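Residues per chain, in single letters:
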Amino acid sequence: MIKVIELKKVFFIEVFLYIYLYYCIKDIKMKIVKIVQWDMGHRVLNHRSVCKGIHGHRYKAEICLEGELIVDSGLSEEGMVIDFSDIKKIAQKFIQNKLDHGFMVWDQDDELLDFFKHSKGHKLVIVPFTPTAENIAAYIFQKLKNEFSDKFKTGLHLHSVKLWETPSSYALYENNN
């Protein structure tokens, strides 16, 4: 009899904790970050220093998503904002296919556009802005922001892109909403 009462007490405590955690966790917003790296060349046409020359970087983007935790019991994503592998798959699809080992050229840079017109075998990324870290971070954000589906209705959205151009310099583009 005592064992039955103890088991009922343990069961009651477990159910209480589950309900408590469910209601406490379901409204918690969290941010998670996936890092993606690639190599890309560019130049900053009107720069006052050496950046006006053709050069490249090992870029690192920190892709930050925000949302409430997924609380649907039994799902693979339970307790997550989004699975890191899903962020990687979406970010890599754009970054690796479009940017990796590419050369980003401002559409006003006639000298480089002419060079690439007469040169074969290059992965050219023509953009309507001068390719600074700030503009590239905003560009990546705009390209990725609609790629993440809020299928669990947790308010999931792209929060920011932090783009490292060098080990000590980055640009941060954040969602204004």
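Residues numbered from 1 in each chain as written. Predicted model: local features only at pLDDT ≥ 70, side-chain atom pairs only at ≥ 80, totals over all residues. Heavy atoms only, no water.

Caption draft 1: Fine view of the pattern of salt bridges. The tally for this structure, following the rule as stated, stands at five salt bridges. The shortest N-O distance in the salt bridge between Lys 89 and Asp 86 comes to 3.9 Å. A residue pair is termed a helical-turn pair when its members lie 3 or 4 positions apart in one helix, as Lys 89 and Asp 86 do in helix H2 (residues 84-99) at three residues. The class of Lys 89 is exposed, set by a relative accessible area of 59%. Given a relative accessible area of 23%, Asp 86 falls into the partly exposed group. In the salt-bridge network here, residues are joined through shared partners; they are Arg 43, Asp 109 and Glu 111. (Salt bridge = Lys/Arg side-chain N within 4 Å of Asp/Glu carboxyl O. Helix = DSSP H or I, 4+ residues; strand = E, 2+ residues; numbered from the N terminus. Buried < 20%, exposed > 50% of the residue type's maximum accessible area, 1.4 Å probe, protein only.)

Caption draft 2: Molecular detail of the pairing of strand E6 (residues 169-174). Pairing geometry for strand E5 (residues 157-166) and E6, over six bridges, is antiparallel. By the bridge assignment for E6, Val 161 is matched with Tyr 173. Linking two consecutive strands that pair antiparallel, namely E5 and E6, is a turn of two residues. (Pairing = 2+ DSSP bridges.)

These values are about where atoms sit, not about what they do.
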